[in-house]
Amino acid sequence: MSDPTATQDLIKGADDASPVAVRNGQRGLWRDTWDILKRRKIFWVSLVMLVVFLLMAAFPSLFTHKDPEYATLAKSMELPSADAWFGYDLQGRDVYARAVYGARTSIIVGVLATLATVLLGGVTGVLAAYFGRWLDAVISRVGEMFLGLPYVLGAIIILGTVAPAQSNPGKATIMAVVIIVLALLGWPILMRIARSAVIQAKHQDYVQAARALGAGPLRIIFKHLLPNSLAPILVYSTITIGSYIGAEATLSLLGIGLRSPVISWGIAIADHASYIRTAPHAMFFPAGFLSLCVLTFVMLGEAVRDALDPKLR
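Residues numbered from 1 in each chain as written. Predicted model: local features only at pLDDT ≥ 70, side-chain atom pairs only at ≥ 80, totals over all residues. Heavy atoms only, no water.

A.B. asks: For this particular structure, what's the right way to read unusual backbone geometry?
C.D. replies: Glycine aside, the phi torsion of most residues is negative, and most peptide linkages are trans. Residue M77 is not a glycine yet carries a positive backbone phi of 65°. Position of M77 among the secondary structure elements: in the loop between helix 3 (41–58) and helix 4 (95–131). You can call M77 buried: its relative accessible area is 16%. (Helix = DSSP H or I, 4+ residues; strand = E, 2+ residues; numbered from the N terminus. Buried < 20%, exposed > 50% of the residue type's maximum accessible area, 1.4 Å probe, protein only.)

Shown next, in the form of structure tokens:
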């Protein structure tokens, strides 16, 4: 009859054999990644830009004292001046103030949609890879159905049904619907990434040893598979935040995404796209903020990818 204490010690020994474990002064994956990142200029540039955008989203009053909703029709489409650095929009509202306050909505949508995608795609990918067989087949086929649906067409169908343009939902409802739609249309890619990473990890010796010593599925998944599969998921998630911010602007431009009274860069672009020749400043500056924010997340994701990929070191 086996000793339960001895069995637990053996399982712990298998845990310590995991590559992400750091024992007896050994350097872990994340320590190596940080050592590489802190030597890369692109990482620091993107990190500084990210901090600026996060501060802008969390504390917009630090960047402007003007009310983004205050409108003076007499100043409609006035050009940039000392009084209004980015000029005024069609309704006479300060473009700079709306660009600053628009950061909060755009970043919240991008981050929450990415978190929902990671949760949905990550869970389904891990389950498909670990249990395999019929569950893997079902999840993979469902994912392929979503991948076969064109992104914009899928968003038009879902948003047009759930929150049609003639409806008047509240701010939270509008944002929630857009976040859910982005996650529903984006989860299959992350599911495939998580599935591939877990399949590769579950055949490693330390996983086989833990399974042979009696470790249960939950212990193997959370102690071994997830920690050793986080790198590709982290890289994709970082880049996806920027992609979703751009996707939100695209949907808003098509008239099926966010809408007033929500303030976002996408709405500012959509409201003034038809005035690009007569008053380009009303669209140019929000579009510039949007482009810089997307570029920030893309650069950060690229820097993390280069640091985590041994082939690129």
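A.B. asks: So what exactly am I meant to see when it comes to the packing of aromatic side chains here?
C.D. replies: Geometry of an aromatic ring pair is reported as the spacing of the ring centres plus the angle between the planes. Counted by the stated rule, this structure contains ten aromatic pairs. For the pair F43 and W44, a centre-to-centre distance of 5.3 Å together with 70° between the ring planes defines the contact as edge-to-face. On the basis of relative accessible area, W44 is assigned to the partly exposed category, the value being 37%. Through a chain of ring-to-ring contacts, the aromatic side chains of F53, W85, F86, Y96, W265, F284, F285 and F289 assemble into a single cluster. (Phe/Tyr/Trp six-rings, centres within 6.5 Å; stacked < 30°, edge-to-face > 60°.)

A.B. asks: Any chance you could explain the side chain of S140 here in plain terms?
C.D. replies: Inspection of the secondary structure assignment puts S140 in helix 5 (residues 133–147). Overall, the relative accessible area of 12% leaves S140 in the buried class. Polar contacts involving the side chain of S140 include one to the main-chain carbonyl oxygen of D136, which spans 2.8 Å. Once residues within four sequence positions are removed from consideration, S140 is found in contact with M191 and R195. (Polar contact = N/O pair within 3.5 Å; in protein donor to acceptor, adjacent residues only side chain to side chain. Contact = heavy atoms within 4.5 Å.)

A.B. asks: Even after reading the chapter, I still don't get the packing of helix 10 (residues 230–253) against helix 11 (residues 265–272), so can you show me in this structure?
C.D. replies: When two helices pack together, their arrangement is given by the angle between their axes and by how far apart the axes lie. The geometry of helix 10 relative to helix 11 is characterised by a closest axis approach of 8 Å and an angle of 35° between their N-to-C directions. Note on packing geometry: the crossing formed by helix 10 with helix 11 is right-handed. Residues I245, E248, A249, S252 and L253 of helix 10 lie in contact with helix 11, whose contacting residues are W265, G266, I267, I269 and A270. Here the contact of helix 10 with helix 11 is composed, by residue class, of seven nonpolar, two polar and one charged. (Axes fitted to C-alpha atoms, helices over the stretch in contact; angles between N-to-C directions. Left-handed = near helix turned anticlockwise from the far one by under 90°. Nonpolar A, V, L, I, M, F, W, Y, C, P; charged D, E, K, R; others polar.)

A.B. asks: Any chance you could explain the side chain of T240 here in plain terms?
C.D. replies: Considering the arrangement of structural elements, one finds T240 in helix 10. For T240, a relative accessible area of 5% gives the class buried. Polar contacts involving the side chain of T240 include one to the main-chain carbonyl oxygen of Y236, which spans 2.6 Å.

A.B. asks: What am I meant to see in the environment of E78 here?
C.D. replies: Note that E78 resides in the loop between helix 3 and helix 4. By relative accessible area, which is 34% here, E78 ends up partly exposed. With twelve residues separating them along the chain, E78 and L90 place their C-alpha atoms 8.7 Å apart. Setting aside residues no more than four positions away along its own chain, E78 makes contact with G87, Y88 and H281.

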